[in-house]
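# Observations on the model geometry
Listed here are the chains, written in short residue letters.
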Amino acid sequence: MSLTVETLKRRIAVAAKRAPADLVIKNAKIVNVFTREIIEDDLAIVDGFFAGIGQFEGSKTIDVVGNYIVPGFIDGHVHIESAMVTPSEFANVVLPHGVTTIIADPHEIANVSGTNGIEYMLNASEGIPLDVLIKLPSCVPATPFENAGATLDFSDLAPYYNHPRVIGLGEVMDYPSVMQNDENMLYKLNDAHTKDKHIDGHAAGIDGDGINVYMAAGIRTDHECVTAEEALERLRKGMYVMLREGSAAKDLITLLKAVNENNARRCLFVTDDKHLDELIDQGSIDYNIKLAINAGLDPLLAIQMATLNAAECFGLKTKGAIAPGYEADFLVVKDLHTIEIDQVYKSGKLVAKNGKATNSAVLKIAPEPLIIDSVKIRPLSREQLQINIPHGSLANIIEILPNMIVTKHLVEKVDSHEGLFQYNLENDLLKIAVIERHKLTGNIGLGIIKGLGIKNGAIASTIAHDSHNIVAAGSSDRDLLKAITFISEMRGGLSVVQNGEILASLQLSIAGLMSDMGSREIYEHLKDLNQALIKIGCTLAFNPFITLSFLALPVIPELKITDLGLFDVKTFRHINVEYDPKI
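Bear in mind that the values here come from a model prediction, so they are computed numbers and not experimental data. (Residues numbered from 1 in each chain as written. Predicted model: local features only at pLDDT ≥ 70, side-chain atom pairs only at ≥ 80, totals over all residues. Heavy atoms only, no water.)

### Let's talk about the overall build of the protein
Counting its regular elements, the protein contains 17 helices and 30 strands. For 583 residues, the compact-globule estimate of 2.2 N^0.38 gives 25 Å, and the C-alpha radius of gyration of the protein, at 24 Å, lies within 12% of that figure. For the protein, the spread of C-alpha atoms along the principal axes amounts to about 90 × 45 × 45 Å. Once local pairs closer than 6 in sequence are excluded, the contacts in the protein between residues at least 24 apart make up 69%. Only carbon and sulfur atoms are counted for the fraction: they give 49% of the accessible area of the protein, which is about 21,600 Å². If the 53 positive side-chain charges of the protein are averaged to one point and the 74 negative ones to another, these points end up 3 Å apart. (Helix = DSSP H or I, 4+ residues; strand = E, 2+ residues; numbered from the N terminus. Rg over C-alpha atoms; globule rule 2.2 N^0.38 Å. Contact = heavy atoms within 4.5 Å. Areas by Shrake-Rupley, 256 points an atom, 1.4 Å probe, with all protein chains shown as cover. Lys, Arg positive; Asp, Glu negative; His and termini not counted. Charge placed at Lys NZ, Arg CZ, Asp CG, Glu CD.)

### Some words on the sheet that holds strand β27 (residues 501–507)
Read across the open sheet, the 8 strands follow the order β19-β18-β23-β22-β25-β24-β26-β27; overall the sheet is mixed. Pairing within the sheet leaves two strands with one partner each, and these edge strands are β19 (407–413) and β27. Ignoring strand direction, the axes of neighbouring strands in this sheet form an average angle of 25°. Here strand β24 (residues 458–461) pairs with strand β25 (residues 470–474) via 4 bridges, running antiparallel. Paired with S461 across the strands is V471, a residue of β25. Contacts from helix α15 (residues 477–489) reach β22 (429–435), β24, β25, β26 (493–498) and β27 within the one sheet, and its direction differs from that of β26 by about 150°. Across the sheet, helix α16 (residues 519–535) touches β24, β26 and β27, and the angle it forms with β27 is around 150°. (Pairing = 2+ DSSP bridges. Axes fitted to C-alpha atoms, helices over the stretch in contact; angles between N-to-C directions.)

### Looking at empty space enclosed by the protein
In this structure the tally under the stated criterion is 9 cavities of 30 Å³ or more. Contributing to the lining of the largest cavity are 17 residues, with E171, H202, D273, F550 and L553 lying nearest its centre. A breakdown of the residues in the lining of the largest cavity according to their chemical character gives 5 nonpolar, 5 polar and 7 charged. Taken together, domain 1 (71–320) and domain 2 (370–574) each give at least three residues to the lining of the largest cavity, which thus spans both. (1 Å grid on protein atoms, 1.4 Å probe; cavity = no way out; pocket = protein on both sides within 12 Å on 5 of 7 lines; lining within 4 Å. Points joined across faces, edges and corners; volume = space filled by probe spheres on them. Nonpolar A, V, L, I, M, F, W, Y, C, P; charged D, E, K, R; others polar. Domains from an automatic or database assignment.)

These figures capture arrangement, not role.
Here it is in structure tokens:
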């Protein structure tokens, strides 16, 4: 609700006790995130804002009988598309977990559908009981080393800064363009600065000199730390550090080693990319808080990081605290150590209770045809999936590291027959393929991976960060081909194949990233996919599909793959599968 003279007048009248509040919360233990103490008192709410703490009269009263009142949680960096649901369904999932505000970057759908994707996400998140604040995608495509569905320059982004929910420029992951003063990147950064907007960073594998470059460019956050030393480097140079706990990247426990009383105010929690099943089973930011508390962090400090710190990081002056003049986004919590959430309120209205959304958001915005028809590939044969490599050769291999989106660049001898790579299930050497699916280029990138653990079968997905081409991996060319062609025929999604048969699938018809089904229906499909993964012998302990999706992201060290082939992130260039000791 925008502030007018009349609303300001009414708010002051309630605070001064000249007029009754809309709602009074009685017998509350208020978590004060400014001073990190518990205050036992009542709360007055008017027009969706807190008007006062103390004794008030109201049109409606709720007695919370000594439970804690906690500010609504803020997810400081998230991609809705990674949950594979529409924004309204995303709200239904995260609200029961206490998340009332998210900072969303729609660069997944923008890489597929350009400005059509941005507009869809803005329209589909309008009017839902979750504040969806948008960061404009800064890197579409993420790098020049792959083919995406769109290219967005500074002039494409500029008009969207006028939207009231656009608060900044999304994660800048093209570090070379920043360092080398690329003109288009400079204009993107300058536009954000001149409009007083926040700029997010993405400093994966970047050293202290690189952090100097980012800070000099006005980039103030990073969610890509994987060690405590990296976190401290960023904190010491003035950055906010985002402690991430997603589906593939689970960095929170490691990064907590860098957090102390002196620097915690520069730290906040994010999920970044988290699959729907984990959001439902584990939670969102509430899960991050629980992990931090279980690791020894003071509950009030953890809550402060999830609320006030995030709000201050993004300049959200009326969010993140229980105080007069702040938005009445709050939780009723039974225990601060377990973060047992009983009720969730958004703008003073109940939106979730006992783990369920009270009035499920059902807003459905019909996507543009270009968003629905986003999967276009040329006819594919098994021969096109073969890797040429001489007998006895060493090969460049992508090794998956557990619970991480970074990979290891291995060099090992591989089996070959008649000059063609042979799968080695005993040593877990499988094949990975990335097929361009936007412009019918016919590009196919092929490589060898280790660590996926598939014994008999293949998986494929149209979720492949960030260009979202088709990515597939498996133990035979027949199953690879079947998995790829099947998801192409169903206009995007996930598939698991064994012996040429589809074991399980999930259609993602919105840009090949999201489904228009309800979250519970999608959840059941994901359970079927998980069972199918077990059947094909996949031994990867964490989510294989989200792990697969990050193997195609050429801004995360060390070795990745795009539709143009293997990519060495350290040298920022493509390399052959066959190892060349001269390179």
